[in-house]
Amino acid sequence: MTKYSKLISFVLLCVLTLSAFGIYQTQAGTPLPEIELVTEEGNVDELDALYFIGNIYSTQSSGRSSTFEFKDGDFSYLNNRSVFRHLDFEYNPIANRYVSDYRSFMRGKARNTSNFTETDDEIIYTAMTSDVNWRRMYDDNMLDISLLDKESEDEQSYEVRLEGASYHGVVASYYHAPELTIVTQAADEQMENNWYIYSFNFDEPEDTLSPEVNVGQALDSSSIQISFSPTGTERYIPFKSLQPGEEDEYGEITNYTTDAFHVYDTQNGDFQEIPLFEEGETLVLSEDEQVVVGQDLGETINWHAWNVTDESLNELGSTDMITPSIGRLPVYYYNHSFNQGMQLVNGHVYAYEDHYSEDGYGRPMFQIIDLDSVSTDFSGYFGLEDRENDRSTEMMLFDFTINPL
Amino acid sequence: MKQYMKSLLNLTAFELDRISKFLYTLLGVTLLLNLIGYIYTPMRYVGRMNEYMQTESVTAQQAIERFGSFSFYDVTSTLWLLAPATLGISGLLLYSLFIWYREWMGKNTFAYRLLMLPVPRMQIFYSKLFVIYIAIFSLIAVQIISLTIGFQIVSAIVPDDWLSGMTLVQALNIHPLFTVILPVSSFYFLSANGIGLTFMLVLFTVILLERSYSFKGLGLGIAYGVVTVLIAAFPVFLPDLVQNYYFFYDSEIMALIIVLMTVIGVTSLLISRHLLNKKITI
């Protein structure tokens, strides 16, 4: 027995210490904070279509951070996922849902929101070849298009050469069967950044596409932004052109103002200008055949429907907003899209703000407005249940999506 | 079976005896340097805070705004803790070579007696591997004990108001070295040990190739080592080969790496058994 004493001692040391450390870790682990959804007005069921990934972190300790998701009206922390599930997890709600539900289709496809368009029956993927093979960033204008039939899981794939510019990046795509409208940012012949619109027909697929429109030329603007599209099924695409201000002391222009709003009709291929309000800011949202224009007066927004036939505004009514800035996230001149904080889905405006309240804590807030009645269906915020005793924990949203289906 | 286990235990106990002095030294150095770190680092912070408060006539809160609050991570990121940990890793790495070559040192080569023992020769291989792993886990265990005691020492030296409130586990969780070598995150710990075990099996095979075929064996061993590294790393380059970074899911790449490392480990064991039984010269 004596000759094994050293061996037994060392093995016991290892086993006991590692076991004790395991127990200590379990006991010393800080319980994850309870998250609550506080309803200030309306019905919480309105948030069932909301899916977001958020993070809870300590302002005092960089080691304390937990990711959670809000899905189907419920919270769950993501810390307890298996390693393999964690490896495949995407911090992008749309891509994450696709990877989970259409794993085979998602193989080999880029994972940006702008690469996908979804209808009740189909998912359409549109991306440059360089989006999945970064080494080809500077040598191709090849566009990959795939269409998935959700029910049969049949996939049609096409490889298309884009002409008229170089170094394309897909900004958004819009689908009205069988037409796919693709908006890209690319370098023109003078190597200046410009916007192009292409059209692809699934019934008559072509190998090469020429631009339908050079957006910069059509709108006579060198600085353009596009409305963020939650669905990619709208007929009218809102564009905003910016007017450069004066140069600063370094010769840079950082001060841009809204010059005009236009909507591009994906079926007729022409632009209509939306007039700017003299008082307050102008908001332009679209969904399916509908264009909605808002007069942002801060505390209230006056809603109008844009009549595309006679190019006029029909007043819908006004809504009191729960904060003077909710939904109107700051958009800078270098952003390529606007309306990220205000999305029109199923006739409802989802306004979001990562609002910093008077008590200084982050409270992701949502206000949902039904455009038929222009009333608030829901308003509320996400917070910590034990905020009184937990003053060092903050909450933030990475990204959110409203599932329209 | 009982006889097999008994002879394996005898050999392991024998190898442990031979490593014990080296291991005690490593454990002693670790504890000593850690202890200095647990006392010196917080005392330097406390001294700096007190000096600043006296010379600038400011409150403790203002001094904290200047220097920041103190956390146990500030101690674990000093050389007093990092140096012994890396010394332990590199020391045991060198000992993994020495544990074989010591048998052929000197005139009366001990390898002759060892290989002539009436036990399966792979038991020699396993006993050396077990002892290296007992040493690794002993270092880990002592490091854990040291950190647990050290956390109490640091908490006693620094006033409560000056501490950030970071727990021991939180400090280890964000530490780039300890989160891998200590069982803080089961994924990192198992990965590190999986890679480490495969590495040890390949290293032992390389040594046995060299012992079996001399210079030619050294070339073979190096080639074998390079090939195993290429095979293990192959899945990482798969996206480049198929020219699509999203073709394979990360979980598939990970699963492939695990499978290939297992194949490498088993192959190394089979080659080592063949070399020990048939080829090795005394």
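Residues numbered from 1 in each chain as written. Chains lettered and ligands numbered in written order. Predicted model: local features only at pLDDT ≥ 70, side-chain atom pairs only at ≥ 80, totals over all residues. Heavy atoms only, no water.

Colleague: Help me out: how do you make sense of the overall build of chain A in this one?
Modeller: Helices and strands together make up the secondary structure of chain A, namely five helices and 27 strands. In chain A, which comprises 405 residues, the share counted as buried stands at 51%. Summarising the internal contacts of chain A: among those between residues at least 6 apart in sequence, 49% fall at separations of at least 24. When the accessible surface of chain A is split by element, carbon and sulfur atoms take 43% of a total near 19400 Å². Mean positive and mean negative side-chain charge positions of chain A (21 and 73 charges, respectively) differ by 18 Å. (Helix = DSSP H or I, 4+ residues; strand = E, 2+ residues; numbered from the N terminus. Buried < 20%, exposed > 50% of the residue type's maximum accessible area, 1.4 Å probe, protein only. Contact = heavy atoms within 4.5 Å. Areas by Shrake-Rupley, 256 points an atom, 1.4 Å probe, with all protein chains shown as cover. Lys, Arg positive; Asp, Glu negative; His and termini not counted. Charge placed at Lys NZ, Arg CZ, Asp CG, Glu CD.)

Colleague: Mind showing me how you'd approach the environment of Phe378 of chain A here?
Modeller: Residues and elements named next belong to chain A. Structurally, the position occupied by Phe378 is in strand 26 (residues 375-384). Here Phe378 falls in the buried class, since its relative accessible area comes to 0%. Once the C-alpha coordinates of Phe378 and Asn43 are considered, the two residues, 335 residues apart in sequence, prove to be 5.6 Å apart. Ignoring anything within four residues of it in the chain, the contact list for Phe378 reads Leu37, Thr39, Glu41, Gly42, Asn43, Val44, Glu46, Leu47, Phe366, Gln367 and Ile368.

Colleague: Honestly, helix 9 (residues 186-241) of chain B in this entry has me stumped. Any pointers?
Modeller: Because an α-helix completes one turn every 3.6 residues, residues spaced three or four positions apart along the sequence face the same direction. Under the 1.5 Å per step criterion, the end-to-end length of helix 9 of chain B is only 31 Å for 56 residues, more than 12% shorter than the ideal 82 Å. Where helix 9 of chain B bends most, the angle comes to about 150°, and this point is Ser214 of chain B. (Expected span 1.5 Å × (residues − 1). Bend = angle between axes of the 7 residues up to and from the residue.)

Colleague: Help me understand a negative patch on the surface, please; the structure alone is not making it clear to me.
Modeller: Taken together, the side chains of Glu179, Asp203, Glu204, Glu206, Asp207 and Glu212 of chain A define an acidic patch exposed on the protein surface. Here Asp207 of chain A is to be found in the loop between strand 11 (193-201) and strand 12 (208-209). (Patch = residues over 30% accessible without salt bridge, like charges linked within 9 Å, V, L, I, M, F, W, Y side chains within 5 Å. Salt bridge = Lys/Arg side-chain N within 4 Å of Asp/Glu carboxyl O.)

Colleague: Hey, could you run me through the domain arrangement of chain A in this one?
Modeller: Interface size is commonly expressed as the accessible surface area that is lost when the partners come together. Residues and elements named next belong to chain A. Considered domain by domain, chain A is made up of domain 1 (102-215) and domain 2 (221-395). Each of domain 1 and domain 2 has a C-alpha centre, and these two points are 26 Å apart. Here domain 1 and domain 2 share an interface that buries about 1400 Å² over both sides, 68% of which is from carbon and sulfur atoms. Among the residues of domain 1 in contact with domain 2, Tyr174, His176 and Trp195 are the three that bury the most area, contributing 42% of the side total. Where domain 1 meets domain 2, there are zero salt bridges. Linking domain 1 to domain 2 there are two residue pairs in polar contact (both at pLDDT 80 or more). Looking at the side of domain 1 that touches domain 2, the elements with two or more residues in it are strand 5 (116-118), strand 9 (166-176), strand 10 (179-187) and strand 11. With six residues, the single largest contributor to the side of domain 1 that touches domain 2 is strand 9. Residues that form the side of domain 1 that touches domain 2 fall into these classes: nine nonpolar, seven polar and two charged. (Domains from an automatic or database assignment. Buried area = accessible area lost by both parts, 1.4 Å probe. Polar contact = N/O pair within 3.5 Å; in protein donor to acceptor, adjacent residues only side chain to side chain. Nonpolar A, V, L, I, M, F, W, Y, C, P; charged D, E, K, R; others polar.)

Colleague: How should a nonpolar patch on the surface be read in this particular structure?
Modeller: A cluster of nonpolar residues, Phe215, Leu218, Ile222, Val226 and Leu230 of chain B, forms a patch on the protein surface that exposes about 540 Å² of accessible area. Inspection of the secondary structure puts Ile222 of chain B in helix 9.

Colleague: Looking at this model, I keep getting lost on the domain arrangement of chain B. Mind explaining?
Modeller: Residues and elements named next belong to chain B. Each assigned domain of chain B is listed here: domain 1 (1-165) and domain 2 (185-282). Taken over C-alpha atoms, the centre of domain 1 sits 27 Å from the centre of domain 2. On the side of domain 2, 21 residues touch domain 1, which itself brings 21 residues to the contact. Between domain 1 and domain 2, the buried area comes to about 2000 Å², and carbon and sulfur atoms account for 80% of it. Together, Trp104, Arg121 and Phe125 form the three largest contributors to the area buried by domain 1 at its contact with domain 2, with a combined 28%.

Colleague: What am I meant to see in the pattern of salt bridges here?
Modeller: Side chains carrying opposite charge are able to pair once their charged atoms draw close together. In total, this model carries 16 salt bridges over all chains according to the counting rule given. Taking the shortest distance from any N to any O, the salt bridge between Arg107 of chain A and Glu252 of chain B comes out at 2.6 Å. With Arg107 of chain A in the loop between helix 4 (103-106) and strand 5 and Glu252 of chain B in helix 10 (residues 250-279), the pair connects residues from two separate chains. Overall, Arg107 of chain A belongs to the partly exposed group, its relative accessible area being 28%.

Colleague: Explain the UniProt feature "transmembrane region" (unreviewed entry) in chain B to me, please; I cannot follow it from the model alone.
Modeller: Taken from the UniProt record, the annotation "transmembrane region" (unreviewed entry) applies to residues 21-40, 79-101, 130-158, 187-209, 221-238 and 253-271 of chain B. Taken end to end, residues 253-271 of chain B is 100% helix and 0% strand, and its two terminal C-alpha atoms sit 27 Å from one another. (UniProt positions renumbered as here; feature names shortened; annotations may be inferred.)

Colleague: I'm lost on the interface of chain B and chain A in this one. Help?
Modeller: Each partner contributes to the interface: chain B provides 43 residues, whereas chain A provides 38 residues. Buried area between chain B and chain A, both sides added, is near 3700 Å², and the carbon and sulfur share of it is 66%. Where chain B meets chain A, there are three salt bridges. For the pair chain B and chain A, the number of links is 15 residue pairs in polar contact (both at pLDDT 80 or more). Elements represented by at least two residues in the side of chain B that touches chain A include exactly helix 1 (2-56), helix 6 (122-157), helix 7 (168-173), helix 9 and helix 10 of chain B. No other element matches helix 1 of chain B, which puts eleven residues into the side of chain B that touches chain A. Class assignment for the residues of the side of chain B that touches chain A results in 29 nonpolar, nine polar and five charged.

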